[in-house]
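Secondary and tertiary structure notes
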Amino acid sequence: MSTPRLRFAPSPTGYLHVGGARTALFNWLYARKTGGAFVLRIEDTDVERSSADMVTGILDGMRWLGLDWDEGPEAGGAHGPYFQSQRLARYRELAEQLVREGHAYYCYCGTDKERPDGPAFAGDARAAASGGGSAADREGGEGGTPRGESWTYDRRCSRLTPEEVAAREAAGAPRAIRFRVPEGETAFRDLVHGDITFDNAHIEDFVALRSDGHPTYHLSVVADDIDMAITHVVRGDDHISNTPKQVLLYRAFGKPLPAFAHVPLILGPDKRRLSKRHGATSVTEYRRQGYLPEAMMNFLALLGWSPGSDQELFTRDELVAAFSLEGISLSNAVFNPEKLEWFSAQHIARMPSPELVRRVEPLLEEAGLWPVRPGPESPVAGAPGPAIAWLARLVELLRPRAKRLTDFVEKGRPFLVEHIEYDAAAVQKYLSSPEARAHLAAVGEACASVEPFAAAALEPAIRALAGSRGVKAGALVHPTRVAVVGRAESPGLFEVLELLGRERVLARIGRALRLGA
Ligand code: GLU
C-alpha cells in the first residue's frame, strides 16, 4: 500500500472547535503512526462565511495542540496550509471536464442565492444538518419540486436542446454546472460503519460549480483529495450523507476512492450534540482556561476511540503508537468536562519540573507576578540559588493540588506579591479571637529564632509550642496560615513558611496581628 496521506479540511467559518480538533487529531495520529503525511487544507470557498480571523484561530489551536502539518505552499518561512480559495481555477477546469465528458451539464435555473427557500449555502453538511435539510436540498434553482421546505431539482436543464442552450447563452444567463447523477446505487465501504449503500434516486443532480464560478463543497473537496493524493478521509459522521455524491465524483473522474472513516459525534453530558450550551467549545478557550495541551490531546483522543485496553493516560508519543482506525467506535462520545480536568491534573502531576516551570512562567508574567522585582523585599531575595530555582520550588509546592496551569497563578499569588490580600471570612474565622492572636504572636516569636528556617525545624518547633500552650497544632497552624497567605487554604504550612522565608513570615505575622486590632 502506498504511504498514507491524510488531511484535515476545516471551513474557517468558526474557531477550531472540539469536534474539529478531535477530527484533526485522529488524522494526525494516523499519519504520524504510519509515517504518512498530514495535510492541512482550509476550505474557504464560501467567501461570505469565511474569515481570516477564523483561519488564525484554527492555526493557533492546531499549533497549541501540537498538530503539525507536513506540506503546503511556502508562507513566511513555514509551509502551508493549502487554501481552497487559491485553487478556484482548478475547480472550474474540473467542472468543465465533467461537462465535456457528459457527467455534468450547464444549468441556467439560477443559483441557490436566488432561490425562494432561504439563505445561500454551499453544501456544507454541518450547517445543513442544523438547518434541517440535507446539503443537496439546498443546491439547485428555480424549477425544483417543493419537498417540505426544500427543493429537489427536476433536471430540466439536463433536457435542454442545443438551441435552448444557445438561446440562454446568447442572453447571458448565469450558468451553474450540475452533476448528472446516474441511475442505480452508490456504495462505499466505511472503515467505521462498514458497507454503506445509497439509492441514487434519492440523490439530487447537485451543483458542482455555482454560476459565480465558485465550487460547491462536493467538487472542491473531491478535487483536492484527488490532487493531494489523499488516501484516507477521516471526518465526522455528519458527512456520511455527503459521501455518495463525492463517490460519484470520484467515479466520474475515473479515480479510486480513498478509504473513508466517519467518526462518531461528540455529545454533551446530556447526550445532546455538543454545543455552546455545554460550555466552551473552542479549543483556544481551553488553553485560556489553563489546560495543558497534552491533557486536551489525551482527552480528545479518547472521544470516540479506544486503545482496546484500560489505559487512559497517554503521552503524545504513546497515543501515536497506540492509535488505529479500527479502534474508532461506532457509538457517539460524551464530552465530560470533569474528565478533562482529571486528565489535566494527571498530566500536570507527571510533567518534569523544568518543563512545568517553563509552562507556568509566561502565565505568571502575563499576570504581572513574574519576574519579581529585585531588592530586599523580593520574595526570592533571601532564597539560595537563582530566582528560577525558587520558582521551581514554588511550582513543586503547588503542583499536588493543581488541576490547570492557571491554578499556579491563583495559588501562587501570595508567594509572589509583597502585600497579600486577606480573605475576610478566613480572618474572621481564624484570627478574630484574642486566643488566636495570642497563638499567632507565639508562633511569630518561635519563627524569629528557629534554626534553620526550614520545614524540618519549623514543624517540631510549632508542634512543641502547641503542646506547651495546651492546644492542638491546628490552633496555631490555622491562624498562621491566614496570616502568611491571607487565605484559609494553602499547601502544607511548614513548607509554605520555608518558601516564604523568615523575613516575610515575620512581617506578615506582624501585619496580621495589627489587622483590625
Ligand atoms: N470543510 C468541511 C468541514 O469543515 C470538511 C469536510 C471533509 O472533511 O471532507 O466540515
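Residues numbered from 1 in each chain as written. Predicted model: local features only at pLDDT ≥ 70, side-chain atom pairs only at ≥ 80, totals over all residues. Heavy atoms only, no water.

Some points on the packing of aromatic side chains
By the definition in use, this model includes eleven aromatic pairs. Each ring, one from W342 and one from F343, has its centre 5.1 Å from the other, and the planes form 70 degrees; the classification is edge-to-face. Under the relative-accessibility criterion, F343 is labelled buried at 2%. Ring-pair connections join several aromatic residues into one group, and the members of that group are Y286, Y291, F299, F335, W342 and F343. Above the face of the Y106 ring, R175 is positioned so that its terminal group lies 3.7 Å from the ring centre. For K339, the ring lying beneath its charged end belongs to W342, and the centroid distance is 4.6 Å. (Phe/Tyr/Trp six-rings, centres within 6.5 Å; stacked < 30°, edge-to-face > 60°. Buried < 20%, exposed > 50% of the residue type's maximum accessible area, 1.4 Å probe, protein only. Lys NZ or Arg CZ within 6 Å of the ring centre and 35° of its normal.)

Looking at the nonpolar core
Membership of the largest hydrophobic core comes to 111 residues, with the highest contact counts inside it found for M62 and F415. The dominant element in this core, judged by the number of residues it contributes, is helix α1 (residues 18–34), at nine residues. Residues contacting M62, with those up to four places away along its chain left out, are F8, L16, A24, F38, L40, L67 and W69. In terms of nonpolar packing, the next biggest core, distinct from the first, is built from 35 residues, I230, V247, Y250 and F253 among them. (Core = buried A, V, L, I, M, F, W, Y, C linked by side-chain atoms within 4.5 Å. Helix = DSSP H or I, 4+ residues; strand = E, 2+ residues; numbered from the N terminus. Contact = heavy atoms within 4.5 Å.)

Observations concerning the confidence of the model for the protein
Should pLDDT be low for a region, the predicted coordinates there are not to be read in detail. Taken as a whole, the protein shows an average pLDDT of 90; of its residues, 91% reach a score of 70 or greater. Under a pLDDT of 50 for its full length, residues 112–149 has, in the predicted model, 87 contacts with residues more than four places off or in other chains. (pLDDT = per-residue confidence, 0-100.)

Things to note about the site of the ligand
Within the structure, the ligand sits among ten residues, and R7, A9, S11, E43 and R235 are positioned closest to it. In this structure, an oxygen atom belonging to the ligand sits 2.6 Å away from a side-chain N or O atom of R7. Separating a nitrogen atom of the ligand from a side-chain N or O atom of S11 is a distance of 2.8 Å. Isolated, the ligand exposes 300 Å² of accessible area, and the fraction of that covered by the protein chains is 94%. Each residue belonging to the shell around the ligand can be placed in one class, and the counts come to four nonpolar, two polar and four charged. (Near = heavy atom within 4 Å. Polar contact = N/O pair within 3.5 Å; in protein donor to acceptor, adjacent residues only side chain to side chain. Areas by Shrake-Rupley, 256 points an atom, 1.4 Å probe, with all protein chains shown as cover. Nonpolar A, V, L, I, M, F, W, Y, C, P; charged D, E, K, R; others polar.)

Observations regarding the pairing of strand β11 (residues 194–199)
The pairing of strand β10 (residues 185–190) with β11 spans six bridges and is classified as antiparallel. The residue of β11 that forms the bridge with E185 is D199. Between β10 and β11, which follow one another and run antiparallel, lie three residues. (Pairing = 2+ DSSP bridges.)

Section: helix α2 (residues 52–65)
Taking 1.5 Å of rise per residue, 14 residues should cover 20 Å, and α2 covers 20 Å from first to last C-alpha, within 8% of that figure. Within α2, burial applies to M54, V55, G57, I58, L59, G61, M62, W64 and L65. Immediately downstream of α2, the backbone of G66 shows phi near 80 degrees, a positive value. (Expected span 1.5 Å × (residues − 1).)

Looking at the pattern of salt bridges
Under the counting rule described, the total for this entry stands at 31 salt bridges. A salt bridge links D68 to R32; its shortest N-O distance comes to 3.4 Å. In this pair, D68 is assigned in the loop between α2 and β3 (74–75) and R32 in helix α1, connecting sequence segments 36 residues apart. (Salt bridge = Lys/Arg side-chain N within 4 Å of Asp/Glu carboxyl O.)

Considering the packing of helix α3 (residues 88–100) against helix α6 (residues 217–227)
Running from amino to carboxyl end, α3 crosses α6 at an angle of 100 degrees, the nearest separation of the two axes being 10 Å. Of the possible angle classes, the one that applies to α3 and α6 is roughly perpendicular. Judged by residue contacts, R90, Y91, L94, A95 and L98 of α3 engage L219, S220, A223, D224 and D227 from α6. Grouping the constituent residues of the contact of α3 with α6 by class yields six nonpolar, one polar and three charged. (Axes fitted to C-alpha atoms, helices over the stretch in contact; angles between N-to-C directions. Parallel < 35°, antiparallel > 145°, perpendicular 65-115°, else oblique.)

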